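# Chains, contacts and geometry: an overview
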Amino acid sequence: MGDGTVMTFTLYHHGSSVCAAKVRLAMAEKDLNWDGVYIDILKGEQFDPAYLQLNPKGVVPTLVHDEIVIPDSTVIIEYLDQLEPGTSVHPNDPWERAQSRYWTKAVDEDLHPACGAVTFVCSHRHTVLNNLGPDGVKKFLASTPTFSVTSNWKDQKDSFVRYGFEAPGASEKIILYDSYLQKMNETLKGGNSWLVGNKFMIADIAMAPYVNRLAMMSMRGLWENGRLPYLENWFSRIEALPNFKRSLIDWVPEDLKRDLRENGAKSWPEVAKILEISI
């Protein structure tokens, strides 16, 4: 802070969490130091009673600033910008701030639940089923709080893990996810490098982990080969950012990178079929 006070931040996070990646990227852009507590959400560590005291939804990330506990990635970043407004990742211009809010609101309401569904259907279900065993899977699914990512996430996750692409609503979530990629492509069509105000700020920070998740699941075909060229160029700029790799890639364990890559590649033909993409 400007008065010389050293702020102490502890971030509870996981390499696979797009929300945690969003906060790590924002903190890197703001040049904030933090200590990490790694919560393995694929082993169910987020359901430990001590962690649920911090985050009753049983999700990551959670930020602890001194004695203050802040869950929810969107709220965390807004909180950090209030603490350090000189490095704000939110625009000062009211119109640009409003446009940015449309993107962050869409992430919280639509895209994040869709990402959770698509990730479990395409990859995480295999990791959970292969690594936890029948009893472990039952405990993992039963431990999800009734109200978590969404008000019905407990039942949805159970269905996505057990039935994959055959789960009710799975195809619709894939179509919804793709609709946001198309919206990004259309927004960038006018020649801007970034989503709002032609400046890399919160809208891009919010969307970057969700496009990166698809890239890590071997699904660049969603925008490559001329399908969404403006989005493809945007993501190339994202990947070239100095803070991209250390915020979004380096925290993902190698075995999880492999699972995302290989399971995603196996799932890609089904995703392409749903979206009527020729491969």
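Scroll up to find the structure.
Source: prediction; values computed, not measured. (Residues numbered from 1 in each chain as written. Predicted model: local features only at pLDDT ≥ 70, side-chain atom pairs only at ≥ 80, totals over all residues. Heavy atoms only, no water.)

### A few points about the overall build of the protein
- In terms of helices and strands, the protein carries 10 helices and four strands.
- Counting from the amino terminus, the protein carries its helices and strands in the arrangement β-α-β-α-β-β-α-α-α-α-α-α-α-α.
- Here the C-alpha radius of gyration of the protein, 18 Å, is about what a compact globule of 279 residues would show, namely 19 Å.
- Counting only C-alpha atoms and orienting by the principal axes, one finds that the protein spans roughly 55 × 50 × 30 Å.
- The buried share of the protein, taken over its 279 residues, is 53%.
- Sequence-distant contacts in the protein: of pairs separated by 6 or more residues, those separated by 24 or more amount to 69%.
- Of the roughly 12,900 Å² that the protein leaves accessible, carbon and sulfur atoms contribute 49%.
- The average position of the 29 basic charges and that of the 36 acidic charges among the side chains of the protein differ by 4 Å. (Helix = DSSP H or I, 4+ residues; strand = E, 2+ residues; numbered from the N terminus. Rg over C-alpha atoms; globule rule 2.2 N^0.38 Å. Buried < 20%, exposed > 50% of the residue type's maximum accessible area, 1.4 Å probe, protein only. Contact = heavy atoms within 4.5 Å. Areas by Shrake-Rupley, 256 points an atom, 1.4 Å probe, with all protein chains shown as cover. Lys, Arg positive; Asp, Glu negative; His and termini not counted. Charge placed at Lys NZ, Arg CZ, Asp CG, Glu CD.)

### A short note on the side chain of Asp204
- Within the element layout of this structure, Asp204 appears in helix 7 (residues 202–216).
- Of the side chains with opposite charge, Arg237 lies nearest to the buried Asp204, which makes no salt bridge, at 7.6 Å.
- With residues near it in sequence (within four places) discarded, Asp204 still touches Trp194, Leu195, Lys199, Trp234 and Ile238. (Salt bridge = Lys/Arg side-chain N within 4 Å of Asp/Glu carboxyl O.)

### A few points about the pattern of salt bridges
- Using the criterion set out here, one finds 10 salt bridges in the structure.
- Here Lys30 and Asp81 are joined by a salt bridge, their closest N and O atoms 2.7 Å apart. Linking Lys30 in the loop between helix 1 (18–29) and strand 2 (35–38) with Asp81 in helix 3 (residues 73–83), this pair joins segments that are 51 residues apart in sequence. Each member of the pair, Lys30 as well as Asp81, is classed as buried.

### Considering the nonpolar core
- Judged by nonpolar contacts, the single largest core of 88 residues is most densely connected at Leu63, Leu195, Leu222, Trp223, Trp234 and Ile238.
- Ranked by residue count, the leading element in this core is helix 4 (residues 94–143), at 14 residues.
- When neighbours within four sequence positions are excluded, Leu222 is seen to be in contact with Asp178, Leu181, Leu214, Arg227, Leu228, Trp268, Leu275 and Ile277. (Core = buried A, V, L, I, M, F, W, Y, C linked by side-chain atoms within 4.5 Å.)

### Some details on helix 1
- The terminal C-alpha atoms of helix 1, which comprises 12 residues, lie 16 Å apart, in line with the 16 Å expected from a rise of 1.5 Å per residue.
- For helix 1, a buried count of 11 out of 12 residues is recorded, marking the element as mostly surrounded by other parts of the structure.
- Three or more residues of helix 1 are buried, namely Val18, Cys19, Ala20, Ala21, Lys22, Val23, Arg24, Leu25, Ala26, Met27 and Ala28.
- On the buried face of helix 1, the contacting elements are strand 1 (9–13), strand 3 (62–65), helix 3, helix 4, helix 7 and helix 9 (244–249).
- Looking at the residues trailing helix 1, positive phi occurs at Asp31, about 60°. (Expected span 1.5 Å × (residues − 1).)

### Regarding helix 4
- For helix 4, which comprises 50 residues, the first-to-last C-alpha distance of 42 Å sits more than 12% below the rise-based estimate of 74 Å (1.5 Å per residue).
- Put simply, Asp93 is the residue that caps the front of helix 4, since its side-chain oxygen is 3.1 Å from the backbone nitrogen of Trp95. (Polar contact = N/O pair within 3.5 Å; in protein donor to acceptor, adjacent residues only side chain to side chain.)

### Focus: the packing of helix 1 against helix 4
- Two numbers describe how helix 1 lies on helix 4: the axes approach to 11 Å, and their chain directions differ by 125°. In terms of orientation, helix 1 and helix 4 fall into the oblique class. Packed against helix 1, whose contacting residues are Val18, Cys19 and Lys22, the element helix 4 presents Val107, Asp108, His112 and Cys115 at the interface. (Axes fitted to C-alpha atoms, helices over the stretch in contact; angles between N-to-C directions. Parallel < 35°, antiparallel > 145°, perpendicular 65-115°, else oblique.)

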